[in-house]
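# Secondary and tertiary structure notes
Chain by chain, the residues:
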Amino acid sequence: MVADSKGAFPLCDAQIGDSVRITQLCIEGAMRLRLLDLGFIPGAIIKVLQKSPLGDPMAFRVSQTTIALRKEESSQILVEKLGDE
Amino acid sequence: MRHYRIALAGNPNTGKSTLFNELTGLRQHTGNWPGKTVLHAEGSFSYQGNSYTLIDLPGTYSLFSNSADEEVARDYIIFEKPDATIVVLDATSLERNMNLALQVLEMTEQVIICINLMDEARKIGIQIDEKKIASRLGVPVIKMAARNGEGIDLLLKTLHQLVTGKISPQPLTIQYSKEIEEKIDELIPHIQNLIGNSYPTRWIALRLLDGDESFVQLLKEKYSKGKLQFNPIRFPSKHAN
Amino acid sequence: MVDSIEKLIQYSQSLRKPNIRDEIVTQIYQTTRSICQDSVIYPKTETNRSEKLDQILTSPIWGFPIMFAMLGVVIYLTIWGANVPSEALANLFGIGENYLTAAFQALGAPSWLHGLLVLGLYRGTSWVVSVMLPPMAIFFPMFALLENFGYLPRVAFNMDRLFKSSGAHGKQALTMAMGFGCNAAAIISTRIIESPRERMLAILTNNFVPCNGRWPTLILLASLFMAAGFATGVQSIVTTLVVMGIVLLGIMVTLLVSWILSKTALKGIPTRYTLELPPYRQPKFLNTIFRATVDKSLFVLKRAIIVAAPAGLITWILANIMIGEQSILQHITLFLDPFGKALGLDGFILMAFILGLPANEIVMPILLMGYLATGAMTEVDNMVELKKIFVDHGWTWLTALNMMLFSLLHYPCGTTIFTIYKETKSVKWTILSAVIPTAIAITVTFITAHVVRGLGLV
């Protein structure tokens, strides 16, 4: 996934503990709809919580719930970093 | 004595099965993992001389027909028209859960919102003003901890009032962008012309605009088989007053 | 003029624009957010309790060790805790048998009736109760506590990558966990997997998770033959490790079979999915324990007894109707014996597995009844005598190991097979769901037997 000019990068490259804002979903079809339902909507703030012991999937906090996504999905969600707290 | 059908909707893992068990005395399997209710249970109970059948719809994140479960839940609410729908929300993640409630409110006004797992929410210091939520949503909102029995009595009382018409909900209408609203307004008269007012026309307009294939297919099928009730006379109560 | 449903649909299509759903969902989210901002006050703390726990329970270093430790603790407590009550129940039933026998004698009942009802029906049933009830009454509540606590989704999170690389769905970990209780129930729970291909994988491999009907067999054999040489204090630990090894083997076979099927009959790549990790919840202890014990243990036990009682009868009849010099049972076991021996088992064991098709719970009782019907022993009320029955029939640790392997890997029980048919509506896949495990069970036990014998280990 190519990062765009505003410094957006795929969610899977975010560091554990980072808070990021979603800029774009590059997924189509049913998965896009499911992600929207779960709160992965453009503008939403996501916190990167945890990696599975085997490296994938990753767990994210999105609208007060914890959702795990495989790399296939999280690489297609573009995010930008929020300032370090 | 009258008989009412009540649907139970909610996100996966919100304690829907626990509430179902509390109300019906049945023993649906409960556990803390999403999607564990795989059999759609039906149970019954009576309250103040009326009997109720409770239908436990599959736990879903939305009702946009992204999956078979969501279609089952959606079709039940739209086409089977339960006398009331109880939407169970998880107090610890209200924000995500409430989306489903708003979607149900677009489909029917006979809704009670149960904010379940209040015991967990209190434990982690979440405070919820259910009266404010009720005034925004326009339907009864009840805080509960189903597994401790907390809030069950109030739910039963409210349910009784709702199905007997002692409460008339004024559900919130979500306002979309001007463009979408214009298109909805354009579609609604045509929908009413074809299938009358027995079904939530605004919601159907939204699905048509959304291009919800599974719903459009089903609507076509039901319409051509003459299975839709055409009922142009009955208007929603707020217009009648 | 929009005067038909088709025209309405056409008309609405003309009004559509791409990704209108984004707008709808976003608007719904904004509405909920504004409602929640007005009416919900959240605590100020940055990380909540569940997230802190997850940092430990799914941590890169501790995630897997904790998972294995939990499995080990559950199995250990089951074994350790079940020992005493199992023996007490067996003693109690033994006393009951003496009274029954005395009563039969006092009434002058014919000996075939005593044999049929007491030695067949009563003894078969009491075996099932004393061997199965205590472990189930410990295992089910502990499992239910973990389940209600919210640990199962974390297991799925930890193991997801293994399932992905074998072409299976990550939620298969959840359906496997259900299999520890009952494979038939687990087959129904595979409905949570939406993709038909991955659901079929989960159905076909679920049997490699030992269900409650097989736990007692595994525990009994491990403690009699693997742990016997060790000091009393560590015997339970050794048994636990052996049983854990069997469980891990089952998981490895699951992944391997999934992988092979994904490359052959059920080609495809894993579908996309999201996994929610719900907040941990403190289980309601007494309620959970009560429900698990009463609902599950007694339900399973009832099923076992309903199946075990007639099976006890049939076994006794087979063992006591003579054709020529030998009973029907002996004819069958003699016929099966060469094949059984090739698998490191014997004819009795194979016969027990065949008659045990309706429910795994009754395999061990049938086997013992078969041995007792032909041997000299008439009463078994402790572990030493129990082991003696096996040893008298030529058992070694290899026989025990292979029976455990066969139990883990062989065809699912009748109820499960029936459930598979109901869920898949396919005769072909139902047959395969029995044939694949059986082929694996035969292959593995055959190889094990020949390697062990070839190396001169027995």
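Everything numeric in this text was worked out from a predicted model, so none of it was measured.

### Details of the sheet that holds strand 5 (residues 111-116) of chain B
All names here are of chain B. Spatial ordering of the open sheet is given by 2-3-1-4-5-7, a layout of six strands whose pairing is mixed. Each edge of the sheet is formed by a strand with only one pairing partner; in this case those strands are strand 2 (42-47) and strand 7 (141-143). For this sheet, the mean inter-axis angle between neighbouring strands, taken without regard to orientation, is 25°. For strand 1 (residues 3-10) and strand 4 (residues 84-90), the ladder comprises five bridges, and the chain directions are parallel. From the neighbouring strand, Gly10 faces strand 4, where its bridge partner is Val88.

### Digging into the state of the cysteines
Overall, the coordinates contain zero disulfides over all chains when judged by the stated rule. Free of any disulfide, Cys12 of chain A has its nearest cysteine sulfur in Cys26 of chain A, 11 Å distant. Cys211 of chain C provides the cysteine sulfur closest to Cys413 of chain C, a residue in no disulfide bond, and the two sulfurs are 6.3 Å apart. Residue class for Cys413 of chain C comes out buried when judged on its relative accessible area of 7%.

### Digging into the pattern of salt bridges
Applying the stated criterion to the full structure yields 35 salt bridges over all chains. For the salt bridge of Arg21 of chain C with Asp210 of chain B, the shortest nitrogen-to-oxygen distance reads 2.6 Å. Of this pair, Arg21 of chain C sits in helix 2 (residues 20-39) while Asp210 of chain B sits in helix 8 (residues 201-210), which puts the two residues in different chains. Both residues of the pair, Arg21 of chain C and Asp210 of chain B, belong to the buried class. Residue Glu198 of chain C is joined to Arg197 of chain C by a salt bridge in which the shortest nitrogen-to-oxygen separation is 3.5 Å. The pair Glu198 of chain C / Arg197 of chain C is uniform in exposure class, with both members buried.

### Observations concerning the interface of chain C and chain B
Residue-level contacts link 59 residues of chain C with 67 residues of chain B. Summed over both sides, the interface between chain C and chain B buries roughly 5,900 Å², with carbon and sulfur atoms accounting for 59% of that surface. Together, Ile5, Arg21 and Arg281 of chain C form the three largest contributors to the area buried by chain C at its contact with chain B, with a combined 11%. At the boundary of chain C with chain B, the tally comes to seven salt bridges. Here Arg136 of chain B makes a salt bridge to Asp38 of chain C, at a shortest N to O gap of 2.8 Å. Scanning the region where chain C abuts chain B turns up 20 residue pairs in polar contact (both at pLDDT 80 or more). Looking at the side of chain C that touches chain B, the elements that each hand over two or more residues are helix 1 (5-15), helix 2, strand 1 (40-41), helix 5 (111-149), helix 6 (152-165), helix 7 (172-181), helix 8 (183-189) and helix 12 (285-320) of chain C. With 16 residues, helix 2 of chain C is the largest single contributor of residues to the side of chain C that touches chain B. Here the side of chain C that touches chain B is built from residues that sort into 30 nonpolar, eleven polar and 18 charged.

### Examining the environment of Pro279 of chain C
Within the secondary structure layout, Pro279 of chain C lies in the loop between strand 2 (274-276) and helix 12. Along the backbone, Pro279 of chain C and Glu51 of chain C are 228 residues apart, and their C-alpha atoms lie at a distance of 8.1 Å.

### What about the packing of aromatic side chains?
All names here are of chain B. Taken as a whole, this structure holds 19 aromatic pairs over all chains when the rule is applied. Between Trp203 and Phe215 the ring centres are 4.8 Å apart and the planes differ by 80°, which places this aromatic pair in the edge-to-face class. Of this pair, Trp203 sits in helix 8 while Phe215 sits in helix 9 (residues 213-224), and the two are twelve residues apart along the sequence. A single burial state applies to Trp203 and to Phe215, both of which are buried.

### Points about the UniProt feature "domain: Ferrous iron transport protein B C-terminal" (unreviewed entry) in chain C
With numbering aligned to this structure, UniProt lists the feature "domain: Ferrous iron transport protein B C-terminal" (unreviewed entry) at residues 243-291 of chain C. Helix makes up 57% of residues 243-291 of chain C and strand 6%, with an end-to-end C-alpha separation of 26 Å.

### Here we look at the interface of chain A and chain C
Of the residues lining the interface, 36 residues belong to chain A; the matching set on chain C comes to 35 residues. For the pair chain A and chain C, the summed buried area comes to about 3,000 Å², and 50% of that belongs to carbon and sulfur atoms. By the criterion of area lost to chain C, the three top residues of chain A are Pro53, Leu54 and Arg70 of chain A, representing 23% of everything that side buries. The interface formed by chain A and chain C includes five salt bridges. Of the charged contacts, one joins Asp160 of chain C and Arg70 of chain A as a salt bridge, the two residues approaching to 2.8 Å between their closest N and O atoms. The tally of links from chain A across to chain C stands at 13 residue pairs in polar contact (both at pLDDT 80 or more). It is helix 1 (residues 29-38) of chain A that provides the largest number of residues to the side of chain A that touches chain C, a total of eight residues. Classifying every residue of the side of chain A that touches chain C by side-chain character gives 16 nonpolar, nine polar and eleven charged. One ladder, built from three bridges, connects strand 5 (residues 65-69) of chain A with strand 2 of chain C; its direction is antiparallel. Among the inter-strand pairings, Ala68 of chain A is bridged to a residue of strand 2 of chain C, identified as Leu275 of chain C.

Conventions we followed
- Residues numbered from 1 in each chain as written.
- Chains lettered and ligands numbered in written order.
- Predicted model: local features only at pLDDT ≥ 70, side-chain atom pairs only at ≥ 80, totals over all residues.
- Heavy atoms only, no water.
- Pairing = 2+ DSSP bridges.
- Helix = DSSP H or I, 4+ residues; strand = E, 2+ residues; numbered from the N terminus.
- Axes fitted to C-alpha atoms, helices over the stretch in contact; angles between N-to-C directions.
- Disulfide = S-S within 2.5 Å.
- Buried < 20%, exposed > 50% of the residue type's maximum accessible area, 1.4 Å probe, protein only.
- Salt bridge = Lys/Arg side-chain N within 4 Å of Asp/Glu carboxyl O.
- Contact = heavy atoms within 4.5 Å.
- Buried area = accessible area lost by both parts, 1.4 Å probe.
- Polar contact = N/O pair within 3.5 Å; in protein donor to acceptor, adjacent residues only side chain to side chain.
- Nonpolar A, V, L, I, M, F, W, Y, C, P; charged D, E, K, R; others polar.
- Phe/Tyr/Trp six-rings, centres within 6.5 Å; stacked < 30°, edge-to-face > 60°.
- UniProt positions renumbered as here; feature names shortened; annotations may be inferred.

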